[in-house]
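Each chain, letter by letter, is given below.
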Amino acid sequence: MAMRKSLESKSSNKLVITSVAFQDHLMRSLLHPNFSFSDPLMRCRRKAPRNPHAGRGVDKKGLQRQDGRDETEYVLDPAPPPLTLAQKMGLVASPAERLTENEWMQVKARSVQQGDSAQPCAICREEFCLQPQVLLSCSHVFHRACLQAFERFSGRKCCPMCRREQYETRVIHDASRLFRHQCATRIQAYWRGYVARKWYRCLRKTICPKDKRLQRKFFEAKLQELNDSFVRYCHTDTEAFLSDIDRSLSSSRRVFQQLERKSVSEPQENDWDRIQSQVIQRGVWDCPICLTALHSLDLPTEAGTSNHQQHRRTVLLSCSHLFHQLCLEAFEAFTADSRPSCPLCRSVYHKKLI
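What comes next is a walk through the structure. (Residues numbered from 1 in each chain as written. Predicted model: local features only at pLDDT ≥ 70, side-chain atom pairs only at ≥ 80, totals over all residues. Heavy atoms only, no water.)

**Notes on the side chain of Ser 137**
Then comes step 1: Within the secondary structure, Ser 137 is located in the loop between strand 2 (133–136) and strand 3 (141–143).
Then comes step 2: In this structure Ser 137 comes out as buried when scored by relative accessible area, which is 6%. (Helix = DSSP H or I, 4+ residues; strand = E, 2+ residues; numbered from the N terminus. Buried < 20%, exposed > 50% of the residue type's maximum accessible area, 1.4 Å probe, protein only.)

The following block contains the structure:
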């Protein structure tokens, strides 16, 4: 009888301990850790867990601060709570142990091999750039803000890619390093392109090309540069400078014309014969002014000329050109110079009727 009572007391004590263990496990795991039965409204007072690494390199918006460039990787999950009595007694399965540093390195190597950091975030489909990035224990990578929003709206901790529950998160900086490398590469490419284009432009300005059209453009550009530099360094007015040039040319032309007139002497009879032979050799029998046939007793005429044209007298100039007398007199009447020049060769002449 006593043995039976002792066995019943032991079994009751064991049942009590088991029930207490299950109750403690329910209180710690299923309910909130800060849940209080003394609160009449049955509300739980939640306090955000403080992360010693938070605020050191990331602000509230998830953007990296300018002064914090620490790229130390750390685990975001808080330290696991102590084991409950039910877990110690083996009534409830114990939680999985946290990943070690070597295991995290293996997970990261698998993520790098998959190229997750080089691809957009699977939640927002945007590039990581310099925004905070988290690595899950299932080797998937997301924006930290995107993962927090996904957990808040889904109501459970589940990987958006592989649906694995109860994962661990670790802050990494692989995407920011890749983004900085891409930016540096792009800046170097732009700078090298600018240097190459500048060098090519200088080369085109100094070396003459082989193509004829390019050579023409090259020399035109050189001449334009010379003209621009000449005008730029000229301290006088351009219009006055050009007018001075015109006056100088006109005065020089007048001097040369006077010298030419003084040097021209009246031809002798032998000279007129020689000039007349030159006219016959040339074989031109039309007046250059009126473009009608010429007529003279000494020179041949074309067939079919009228009697009026045959009685128009011809003038032979000392420059061996023939004109109608009336045409030459009309030309001399309209000339402003005191001594007109030949209408064809512009030289001072002596004339003779033939």
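**Concerning the pairing of strand 4 (residues 169–172)**
Sheet faces and side chains relate simply in a regular strand, where the side chains alternate between the two faces.
Then comes step 1: Residue alternation in strand 4 divides its side chains into two sets, Thr 169 and Val 171 and Arg 170 and Ile 172, and both sets are buried.
Then comes step 2: The pairing of strand 1 (residues 74–75) with strand 4 spans two bridges and is classified as antiparallel. Paired with Val 75 across the two strands is Arg 170, which belongs to strand 4.
Then comes step 3: Summarising the sheet, strand 2 and strand 4 pair through four bridges and their orientation is antiparallel. Its bridge partner being in strand 4, Gln 133 is matched across the sheet by Ile 172. (Pairing = 2+ DSSP bridges.)

**Some thoughts on the packing of aromatic side chains**
Then comes step 1: Inspection of the entire model under this criterion finds two aromatic pairs.
Then comes step 2: When the centroid spacing of 5.5 Å and the interplanar angle of 35° are considered together, the rings of Trp 191 and Tyr 194 count as tilted. You can see Trp 191 and its partner Tyr 194 sitting in helix 5 (residues 174–206), three residues apart, about one turn around the helix.
Then comes step 3: What makes Trp 191 exposed here is its relative accessible area of 54%.
Then comes step 4: When the centroid spacing of 5.5 Å and the interplanar angle of 75° are considered together, the rings of Phe 218 and Phe 219 count as edge-to-face. (Phe/Tyr/Trp six-rings, centres within 6.5 Å; stacked < 30°, edge-to-face > 60°.)

**Quick look at the pattern of salt bridges**
Then comes step 1: For the coordinates displayed, the defined rule picks out 10 salt bridges.
Then comes step 2: Of the charged contacts, one joins Glu 101 and Arg 170 as a salt bridge, the two residues approaching to 3.0 Å between their closest N and O atoms. One end of the pair, Glu 101, is in helix 3 (residues 101–114); the other, Arg 170, is in strand 4, and 69 residues separate them in sequence.
Then comes step 3: Residue class for Glu 101 comes out partly exposed when judged on its relative accessible area of 45%.
Then comes step 4: Its relative accessible area of 6% is what places Arg 170 among the buried residues.
Then comes step 5: With its nearest N and O atoms 3.3 Å apart, the salt bridge here joins Lys 108 to Asp 174. Placement of the pair is Lys 108 in helix 3 and Asp 174 in helix 5, with a sequence separation of 66 residues. (Salt bridge = Lys/Arg side-chain N within 4 Å of Asp/Glu carboxyl O.)

**A short note on unusual backbone geometry**
Phi is mostly negative for residues that are not glycine, and the peptide bonds are mostly trans.
Then comes step 1: Phi angles above zero are rare outside glycine, and Arg 125 is one such case at about 60°.
Then comes step 2: Inspection of the secondary structure assignment puts Arg 125 in the loop between helix 3 and strand 2.
Then comes step 3: Relative accessible area serves as the criterion here: at 57%, Arg 125 is assigned to the exposed category.
Then comes step 4: Unusually for a residue other than glycine, Arg 163 sits at a positive phi of about 60°.
Then comes step 5: Tracing the chain through its elements places Arg 163 in the loop between helix 4 (144–154) and strand 4.

**Quick notes on the nonpolar core**
Then comes step 1: Counting 18 residues, the largest nonpolar core has Leu 135, Leu 136, Phe 142, Leu 147 and Cys 159 as the members making the most contacts within it.
Then comes step 2: Where this core is concerned, the elements lending two or more residues are helix 3, strand 2, strand 3, helix 4 and strand 4.
Then comes step 3: Ranked by residue count, the leading element in this core is strand 2, at three residues.
Then comes step 4: In contact with Leu 136, other than residues within four places in its own chain, are Trp 104, Val 107, Phe 142, Leu 147, Cys 159, Tyr 167, Glu 168 and Thr 169.
Then comes step 5: By size, the runner-up hydrophobic cluster in this structure holds 17 residues, among which are Ile 275, Leu 294, Cys 327 and Ile 354. (Core = buried A, V, L, I, M, F, W, Y, C linked by side-chain atoms within 4.5 Å. Contact = heavy atoms within 4.5 Å.)

**Describing the environment of Glu 126**
Then comes step 1: With respect to the secondary-structure elements, Glu 126 resides in the loop between helix 3 and strand 2.
Then comes step 2: Since its relative accessible area comes to 48%, Glu 126 is described here as partly exposed.
Then comes step 3: Along the backbone, Glu 126 and His 143 are 17 residues apart, and their C-alpha atoms lie at a distance of 9.2 Å.
Then comes step 4: Those residues in contact with Glu 126 that lie beyond four places of it in its chain are Pro 120, Cys 121 and His 143.

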